[in-house]
Amino acid sequence: MLLSLRNIKKDYTLSKTISVPALKGVNLQIAKGEFVAVIGPSGSGKSTLLNILGCLDNCSSGSYLFEDEEISKCKESYLSDFRRNKVGFIFQSFNLIPTLNVYENVELPLWHSSISHEEKKNRIHDLLEQLEILELKNRFPKQLSGGQQQRVAIARALVRKPLLVLADEPTASLDSKTSQIMLKLLQKEAKLHDTTFIIASHDTELLAKIENKIHLKDGNINQGGN
């Protein structure tokens, strides 16, 4: 089992007397290589769940095990290494570095790795080619459309071959053709490298092609339910 959540709760404090529950005791297990969609209405807790899985946010209570290691209470220095080495993120807002070109943005997760220069170059080239943006490698984010920026963000998330990839509305800026290219690439990565993908989305065409779904409503989760 890659990850396990046990009675995870998350409350957001608005004032000294007011707090809002985002997750209400989530229990979840996901294995290596699984390809999972998280679905639910706006405000159901999808982004909060992804943030906790990626250790971008802390849970209020409960236990998060990753490869049988309890990480929900680890220090930030450990969590920083965890995010860098084991998790890839695909954000709806892209989060590209404006002063870096396409190639450099994708290369960013590899800057402090021990991978050879040739291997880095090959990985980046292959991903940019598969996402049909190789000819854009010297452009900067401001010179790209929203869909092109999203493809760069997808390449950046995959380049380190992480164990877990978390994607928040990854097709929001993509046309239907590019969405299909993206989905096939992610599914290929899952099979080739035993990568686990967890995707939060409202895209009905995308969701129709993902069999395993986690239904989230009002902070409660029911894997495979309604």
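Values in this document were obtained by computation on a predicted structure and should not be read as measured data. (Residues numbered from 1 in each chain as written. Predicted model: local features only at pLDDT ≥ 70, side-chain atom pairs only at ≥ 80, totals over all residues. Heavy atoms only, no water.)

Asks: Which residues make up the sheet that holds strand S4 (residues 61-66), and what are the values?
Replies: With antiparallel pairing, four strands are arranged side by side in an open sheet as S2-S1-S4-S5. What marks the edges here is a single partner per strand, and that holds for strand S2 (19-30) and strand S5 (69-70). Taken together, the two bridges between S4 and S5 define a ladder with antiparallel strand orientation. Bridge pairing links Leu-65 to Glu-70 in S5. Sitting on the sheet, helix H1 (residues 46-53) is in contact with strand S1 (3-13), S2 and S4, with an inclination near 120 degrees to S1. (Pairing = 2+ DSSP bridges. Helix = DSSP H or I, 4+ residues; strand = E, 2+ residues; numbered from the N terminus. Contact = heavy atoms within 4.5 Å. Axes fitted to C-alpha atoms, helices over the stretch in contact; angles between N-to-C directions.)

Asks: Summarise the pattern of salt bridges; cite the residues concerned and give the values.
Replies: One pass over the full model with this rule turns up six salt bridges. A salt bridge links Glu-67 to Lys-32, with the shortest nitrogen-to-oxygen separation between them at 3.6 Å. Taken together, the residues span a long stretch of sequence, with Glu-67 in the loop between S4 and S5 and Lys-32 in the loop between S2 and strand S3 (35-39) at a distance of 35 residues. Classification of Glu-67 by relative accessible area gives partly exposed; the value is 30%. Accessibility expressed as a relative area gives 42% for Lys-32, which makes it partly exposed. Three or more residues joined by partner-sharing salt bridges are found here, namely Lys-32, Glu-67 and Lys-86. (Salt bridge = Lys/Arg side-chain N within 4 Å of Asp/Glu carboxyl O. Buried < 20%, exposed > 50% of the residue type's maximum accessible area, 1.4 Å probe, protein only.)

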